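Structural features, examined
Chain by chain, the residues run as shown.
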Amino acid sequence: MTDLEPSALSIPDSDALHRRGLMFILSSPSGAGKTTVARMLLAQDSRLHMSVSATTRAPRAGEVNGRDYIFVDQSEFDRMAEDGQFLEWAHVFGHSYGTPKAEVKAGLKEGKDYLFDIDWQGTQQLHQKMQADVVRVFLLPPSIDELRRRLTARNTDSPDVIAARMDRAKAEISHWDAYDYVIVNDDIEICYAKVAQILAAERMRRTRQTGLIGFVREMTAPEA
Ligand SMILES: Nc1ncnc2c1ncn2[C@@H]1O[C@H](COP(=O)(O)OP(=O)(O)OP(=O)(O)O)[C@@H](O)[C@H]1O
Ligand SMILES: Nc1nc2c(ncn2[C@@H]2O[C@H](COP(=O)(O)O)[C@@H](O)[C@H]2O)c(=O)[nH]1
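Residues numbered from 1 in each chain as written. Chains lettered and ligands numbered in written order. Predicted model: local features only at pLDDT ≥ 70, side-chain atom pairs only at ≥ 80, totals over all residues.

1. Focus on the site of ligand 2
Surveying the vicinity of ligand 2 reveals 16 residues, the closest of which are S53, A90, Y97, I118 and G122. Elements with a minimum of two residues in the shell around ligand 2: β5 (86-92), β6 (95-100) and α4 (120-130). The class makeup of the residues in the shell around ligand 2 is five nonpolar, six polar and five charged. (Near = placed C-beta within 6 Å. Helix = DSSP H or I, 4+ residues; strand = E, 2+ residues; numbered from the N terminus. Nonpolar A, V, L, I, M, F, W, Y, C, P; charged D, E, K, R; others polar.)

2. With respect to the sheet that holds β5
Taking strand neighbours across the sheet as the criterion, the four strands line up as β4-β3-β6-β5 in an open arrangement whose pairing is mixed. The open sheet has two edge strands, β4 (70-71) and β5, and neither has a second partner. Pairing of β5 with β6 involves six bridges; the strand directions are antiparallel. By the bridge assignment, A90 is partnered in β6 with Y97. Strands in contact with helix α2 (residues 74-82) are β3 (54-55), β5 and β6; relative to β6, the strand with the most contacts, it is inclined by about 40°. (Pairing = 2+ DSSP bridges. Contact = placed C-beta atoms within 7 Å. Axes fitted to C-alpha atoms, helices over the stretch in contact; angles between N-to-C directions.)

3. Overview of the UniProt feature "domain: Guanylate kinase-like" (unreviewed entry) in the protein
The UniProt feature table records "domain: Guanylate kinase-like" (unreviewed entry) at residues 21-200. Helix makes up 43% of residues 21-200 and strand 23%, and the two end C-alpha atoms of the span are 13 Å apart. (UniProt positions renumbered as here; feature names shortened; annotations may be inferred.)

4. Considerations on the site of ligand 1
Lining the immediate surroundings of ligand 1 are 15 residues, of which S30, G33, T35, T36 and R150 lie closest. Secondary structure elements with two or more residues in the shell around ligand 1: α1 (34-44), α5 (144-154) and α7 (188-203). A class-by-class count of the residues in the shell around ligand 1 yields four nonpolar, seven polar and four charged.

5. Here's the deal with the packing of α1 against α7
Two packed helices can be described by the angle between their axes and the distance between those axes. Where α1 meets α7, the axes come as close as 10 Å, and the angle between the chain directions of the two elements is 60°. In terms of orientation, α1 and α7 fall into the oblique class. The crossing of α1 and α7 is right-handed. In this structure, α1 contributes T36, V37, M40 and L41 to the contact, and α7 contributes I188, C191, Y192, V195 and A196. Along the lines of polarity and charge, the residues of the contact of α1 with α7 split into eight nonpolar, one polar and no charged. (Parallel < 35°, antiparallel > 145°, perpendicular 65-115°, else oblique. Left-handed = near helix turned anticlockwise from the far one by under 90°.)

6. Things to note about the packing of α5 against helix α6 (residues 159-173)
Between α5 and α6, whose axes approach to 10 Å, the crossing angle comes to 150°. Relative to α6, the element α5 lies roughly antiparallel. Of the two possible hands of crossing, α5 and α6 adopt the one that is right-handed. Contacts from I144, L147, R148, L151 and T152 of α5 reach α6 at I162, R165, M166 and A169.

7. Side note on the UniProt feature "binding site: ATP" (unreviewed entry) in the protein
UniProt records the feature "binding site: ATP" (unreviewed entry) for S28, P29, S30, G31, A32, G33, K34 and T35 in the present numbering. Along the chain, P29 falls in the loop between β1 (23-27) and α1. For P29, the contacting residues outside a window of four places in its chain are P141, L147, A169, E172 and I173. You can call G31 buried: it has 23 C-beta atoms within 10 Å. Aside from chain neighbours lying at most four places away, what touches G31 is L147, R150, L151, R154 and R165. (Buried ≥ 20, exposed ≤ 12 C-beta atoms within 10 Å, placed from the backbone.)

8. Observations regarding the nonpolar core
Most often, soluble globular proteins keep nonpolar side chains buried together rather than apart. Of all hydrophobic cores here, the largest spans 29 residues; its most connected members are M23, F24, I25, L26, F116, V137 and L139. Of all the secondary structure elements, the ones that give two or more residues to this core are β1, β5, β7 (113-117), β8 (134-140), α5 and α7. Not counting residues up to four positions away in its chain, the partners in contact with F116 are M23, F24, I25, L26, S51 and T99. (Core = buried A, V, L, I, M, F, W, Y, C linked by C-beta atoms within 7 Å.)

Encoded structure:
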């Protein structure tokens, strides 16, 4: 057989093969650009699903219940937490935020990939529980001044809220070394391209490609 002849083995389409889904986490100080990158990824990638968190914070203008967050009051949040409905939860900026468990756990088994926009506390909890499923990406702003500029220009929060988020930024950034990948979000298109490349590579990680086991076994079997 020459190099140009088709292989006797049919090459499996790795996207069509069953593999367990992965949990793709984006974290950053508030305003560095997680939500923006997440929206770009979701718009380009139909295999990626957003994990929609529950929160006790009030909706911002334009935010839709069930799409951006599940907006609940504190007693409902506490009931969900006591019921064990969260994979992780944390207090952030004076509010409670949590990742609902049911959809993600079922979806991972079906091979769906999930995107999480959560803080370092949630990342730590998910990594402890779900280890090999988790990919952790941290976005840094190009500077503290640019972070302040973005939070102000976003025009969704009062000056007090922006000040509180800026106060927390350095503490958030100090957790950058608990992540697998770190990207400076300077140019948004470049940042998005880097994040998309990480996702593509993580999908091809050998340990996730359980669907290839039969193919490799066949390829390496002794010839008759
Ligand atoms: N690379 C970039 N260059 C300029 N502006 C950007 C860039 N990335 C994001 N922004 C803008 O910065 C603002 C904050 O971005 P975004 O809301 O995505 O941040 P976030 O990290 O999700 O914040 P939070 O944690 O508060 O939800 C938005 O107005 C967004 O359009
Ligand atoms: N641990 C968790 N953190 C979460 C979750 N959902 C969002 N977040 C983080 O909270 C802050 C503030 O978000 P904002 O939408 O109010 O600006 C940000 O860092 C998010 O990543 C969650 O379910 N768990």
